[in-house]
Structure formats: structure tokens, C-alpha cells
Amino acid sequence: MALNRTDVEKIAHLARLQIDENDVPEYAKNLSDILDLISQMQDIDTSDVEPLAHPLDAVQRLRADIITEQNQREHLQQVAPAVENGLFLVPKVIE
């Protein structure tokens, strides 16, 4: 799909980008190349390809779930404007 000068100027306007007049042909070529690549990718048959969660079958390393800080709830709630049953009370913001 080939974009022309008007297309690039309209895209730039919608994206609120200021493009120098001398750069418009280069942008038109680059954007057209990107759209052509997308078109080629859409033409590929992927019906036999299973979706992947991660391309390398990597497993996320998890750290041990160890408590590293002491419970300071009572200390922190001493300066709170309103507390009830160990919970901070906040004003209602939704009617």
C-alpha cells in the first residue's frame, strides 16, 4: 500500500506531529514499507501454529516468599485521621 504526501500529512496532523516538508517523501516510503510488511504477514497461513506465551519457553524465576519487614500497622495508624478495626477509613468518593 503506497502512501502519498496527503496521507502522510493527514497522519501527522492526527498524531499532532510537525514534519518538515523535505522529510515527507521519506516518511511516505517508510510508512508504505511498514504497511507492505503487515500485508505480507497477514497473507501467511498460521492455522497450524499454536499460540505461544513466550517464544523461548522460559520459566520465570521466583524469589522465596520471605517476610523481610516487621508489621508496623499500629505505628503507622497512629497518625491516620480515621481507623476502625485495623483499617484506614477514607471519605466516600463515589455516590
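Quantities reported herein were computed from a predicted structural model and do not represent experimental measurements.

J.: I tried to follow the overall build of the protein on my own but got confused; where do I start?
T.: Of the regular secondary structure elements, the protein holds three helices and two strands. Helices and strands appear in the protein in the N-to-C order α-α-α-β-β. In terms of overall size, the protein is more extended than a compact globule, its C-alpha atoms giving a radius of gyration of 28 Å where 95 residues would be expected to give roughly 12 Å. Taken over the C-alpha atoms alone, the protein extends approximately 65 × 40 × 30 Å along its principal axes. Expressed as a percentage of the 95 residues in the protein, the buried residues total 8%. Looking at the protein alone, contacts between residues at least 24 apart form 26% of all its contacts between residues at least 6 apart. Accessible surface for the protein amounts to roughly 9,700 Å². Of this, 55% is attributable to carbon and sulfur atoms. Positive and negative side-chain charges in the protein, numbering 8 and 18 respectively, have mean positions lying 8 Å apart.

J.: Any chance you could explain the side chain of Gln77 here in plain terms?
T.: Checked against the element boundaries, Gln77 lands in helix α3 (residues 73-77). Apart from residues no more than four positions distant in its own chain, Gln77 is found in contact with Val83, Gly86, Leu87 and Phe88.

J.: How should the side chain of Ser32 be read in this particular structure?
T.: Following the sequence through the fold, Ser32 ends up in helix α2 (residues 24-42). Residue Ser32 is classed as buried on the basis of its relative accessible area, which comes to 8%. In this structure the side chain of Ser32 is engaged in a polar contact, spanning 2.7 Å, whose partner is the backbone oxygen of Ala28. Each residue touching Ser32, except ones within four places of it in the same chain, is listed here: Met1, Ala2 and Leu3.

J.: Honestly, helix α1 (residues 5-14) in this entry has me stumped. Any pointers?
T.: Turn by turn, an α-helix covers 3.6 residues, leaving residues three or four places apart pointing in a common direction. Capping of α1 at its N-terminal end is provided by Asn4; its side-chain oxygen lies 3.1 Å from the backbone amide nitrogen of Thr6. Directly after α1, the chain includes Arg16, whose backbone phi takes a positive value near 55 degrees.

J.: What is the right way to read a nonpolar patch on the surface from this model?
T.: A cluster of nonpolar side chains, contributed by Met1, Ile34, Leu35 and Ile38, occupies part of the molecular surface with about 370 Å² of accessible area. The topology assignment puts Ile34 in helix α2.

J.: Would you mind showing me how to read the pattern of salt bridges here?
T.: Where charged atoms from two side chains of opposite charge come close, those side chains can pair. If you walk through the whole model with that rule in mind, you get three salt bridges. Between Arg5 and Glu9 there is a salt bridge, and its shortest N-O distance comes to 3.7 Å. Placement of the pair is Arg5 and Glu9 together in helix α1, with a separation of four residues, close to one helical turn. A salt bridge links Lys29 to Asp33; its shortest N-O distance comes to 2.8 Å. Taken together, the residues span about one helical turn, with Lys29 and Asp33 both in helix α2 at a distance of four residues.

What counts, and where the lines are drawn
- Residue positions are counted from 1 within each chain, in the order its sequence is given.
- The model is predicted, so local features are restricted to residues of pLDDT at least 70 and side-chain atom pairs to those at 80 or more, both for listing and for counting; the totals for chains, interfaces and linings are taken over all residues.
- The side-chain numbers reported here are obtained from all heavy atoms of the structure, hydrogens and water having been left aside.
- Strands here are runs of E lasting at least two residues and helices are runs of H or I lasting at least four, both read from the DSSP assignment and numbered beginning at the N terminus.
- For this measure, only C-alpha atoms enter the radius of gyration; the expected value for a globule follows 2.2 Å times N^0.38, where N is the number of residues.
- Accessible area is worked out with a 1.4 Å probe on protein chains only. A residue is then buried under 20% of its type maximum, exposed over 50%, and partly exposed in between.
- Contacts are residue-level and defined by heavy atoms, with any inter-residue pair within 4.5 Å sufficient.
- Only the protein chains shown count as cover for residues, and all accessible areas are computed by the Shrake-Rupley method using a 1.4 Å probe.
- Charge convention: Lys and Arg are scored as positive, Asp and Glu as negative, and His as well as the terminal groups of each chain are ignored.
- Where a charge lies is defined by one atom per residue type: Lys uses NZ, Arg uses CZ, Asp uses CG and Glu uses CD.
- Under the rule applied, a polar contact is a pair of N or O atoms within 3.5 Å (in protein, one hydrogen donor and one hydrogen acceptor; residues adjacent in sequence only if both atoms are side-chain atoms).
- Within the patch definition used here, like charges are joined within 9 Å and nonpolar side chains (Val, Leu, Ile, Met, Phe, Trp, Tyr) within 5 Å, considering only residues with over 30% relative accessible area and no salt bridge.
- The salt bridge criterion pairs a side-chain nitrogen of Lys or Arg with a carboxyl oxygen of Asp or Glu, the two atoms within 4 Å.

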